[in-house]
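Breakdown of the fold
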Amino acid sequence: MKRMKKALALLLTLAVVVAMAVVPAMAASLSVSADSDRTYNVYQVFTGTVGENDTLTGLVWGQNGTGTPGETVPTETLTALEGTSEAGLATAITQYVNTTTPIDTVSAGASITVDPGYYYLTSESDTQVVVVTGDETITPKSDLPTMVKKVQDTNDSTGVTSDWQDSADYDIGDQVPFRLSATVTDGMFAQIGTENNVWYTFHDDLSDGLTFNPDSVRVTVGGESRDWAYTIQTPDSPTFGTILNGRPVHTEGFDCDVEITVLVDIGDIGKEVAVEYTAQLNDQAALGATGNPNEAYLVYWADNCVDWGVTEEDTVIVFTYQAIINKVDGENEPLAGAAFTLEKLIGETWTEVGTTQAGEATTFTFSGLDDGNYRLTETTTPDGYNTIDPIEFTITAEHSVEAAEPALTSLTVTPDTAGFTGSTTDGSVTTSIVNQSGSTLPETGGMGTTIFYIVGALLVIGAGVVIITRKRMHNNER
């Protein structure tokens, strides 16, 4: 607190070079308290000279500042930081920091030597701005919120539903369940204060293959419904993408499709805020390994909108597949004139998922399939060929259930006798259906039936002649 008060007092006079005795710049120690388990990346934003009352003068860009190292920091940059509160400085200064490569790292119980100046420090759990005018020890902040996005998977054929995880697969037309969650932390209140209302805004970006269903949204805090204290905004909403006074809350280059804002208070510390909803997998869904990724992040903020924070993004993905049927003859040549129906076993009922029409086509594609049990029936057979028996097969997919970047890892079909091969790249399972040529019965009432009658009569007459001949020969022998 003492360190930050010095920083804020400094920002009121940084733009003016004050005539005062200046102490020569000396290196200082920057360390992390030994009772911590955190390691910080250290970024040097500004450097300066230590003056009276432990103030810094003559600020120039540091090695990680967005300006040229060693050049004077513009007055407008310093002015922009002047009105920032202690809690909000770590957020406000980010636009002046290049976080590509830190100048150093520092862990608990260790120290590094740095020049006097402003340093931006980040760990997995918190972010701080440290003003170094002498030896400084960093005390990690209380935990800040993190946001988790998950999706649930269901196999229609077996009825098995997964836990909340990072990937799933569905049929086009299905409603896909999603879950966003974050815990209310004391560190968040320490950062943005408690004198105003505090809000969690979940920013969710759905891929083109998913259509958000606003009527499905359910919000709980600590497992209890908070349907009375949330709002939903989409891009056509008047204040979408802003918080009250116009402060943008999207991270750079990241757009989203929906913002769900939930009211929380200090009495909710330690409770989980959860938002559940469904989105329909639509006909723009990408097939195979590309999948349909969805990203989300959380902004936590107070009514005054001066102090706020943003979590890291979290990604889940939804996959869908296709079955490709090639019709061939006994010589493995393309064969036209067939038609098929594909059914899926949902519970104990076979349900039609696609049909084709007979014509010149020899390849038939059924797109937007989930894993599960299927049955392919030939409903029209090419003239002169025998109809195949229905083929039952099971599509099985493996994909990352817990991963920062979930992926489709395998796509297979059983039994092997179905002849399918799987490809994760385009999400296809492909087989060739062979029709063997064979004789067919002539139509009723045509010449064909007359031929059968004649042949039958000749066989009867021939049999009679043989019997009579054998009988006469037997009599002559006697």
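Read on for an overview of the structure. (Residues numbered from 1 in each chain as written. Predicted model: local features only at pLDDT ≥ 70, side-chain atom pairs only at ≥ 80, totals over all residues. Heavy atoms only, no water.)

1. Here's the deal with unusual backbone geometry
Of note, the amide linkage connecting Thr414 to Pro415 takes the cis form, showing an omega dihedral of 0°. Residue placement: Pro415 occurs in the loop between strand S30 (408-414) and strand S31 (421-423). A positive phi angle, near 55°, is found at Asp54, a position not held by glycine. By the element assignment, Asp54 lies in the loop between strand S2 (39-50) and strand S3 (56-61). (Helix = DSSP H or I, 4+ residues; strand = E, 2+ residues; numbered from the N terminus.)

2. Comments concerning the sheet that holds strand S28 (residues 372-380)
Taken in spatial order, the 5 strands line up as S26-S25-S28-S29-S30 in an open sheet, and their pairing is antiparallel. Only two strands of the sheet have a single partner each, and these edge strands are strand S26 (349-355) and S30. Direction aside, neighbouring strands of the sheet carry axes that sit 30° apart on average. (Pairing = 2+ DSSP bridges. Axes fitted to C-alpha atoms, helices over the stretch in contact; angles between N-to-C directions.)

3. Brief notes about the side chain of Gln44
One can find Gln44 in strand S2. A polar contact of 2.9 Å, which involves the side chain of Gln44, links it to the backbone nitrogen of Gln63. At 3.1 Å, the side chain of Gln44 and the side chain of Tyr119 are in polar contact. Beyond its immediate stretch of four places on either side in the chain, Gln44 contacts Gly62, Gln63, Asn64, Gly65, Ile103, Asp115, Tyr118 and Tyr119. (Polar contact = N/O pair within 3.5 Å; in protein donor to acceptor, adjacent residues only side chain to side chain. Contact = heavy atoms within 4.5 Å.)

4. Some words on the pattern of salt bridges
All chains considered together, the criterion is met by 12 salt bridges. Note that Lys150 and Glu402 form a salt bridge whose closest N and O atoms lie 3.0 Å from each other. Of this pair, Lys150 sits in strand S9 (residues 147-154) while Glu402 is found in the loop between strand S29 (391-399) and S30, placing the two residues 252 residues apart along the sequence. Of the charged contacts, one joins Glu378 and Lys327 as a salt bridge, the two residues approaching to 2.5 Å between their closest N and O atoms. Taken as a pair, Glu378 in strand S28 and Lys327 in strand S24 (residues 321-329) lie far apart in primary sequence, 51 residues in all. There is no split in this pair, since Glu378 and Lys327 are both buried. (Salt bridge = Lys/Arg side-chain N within 4 Å of Asp/Glu carboxyl O. Buried < 20%, exposed > 50% of the residue type's maximum accessible area, 1.4 Å probe, protein only.)

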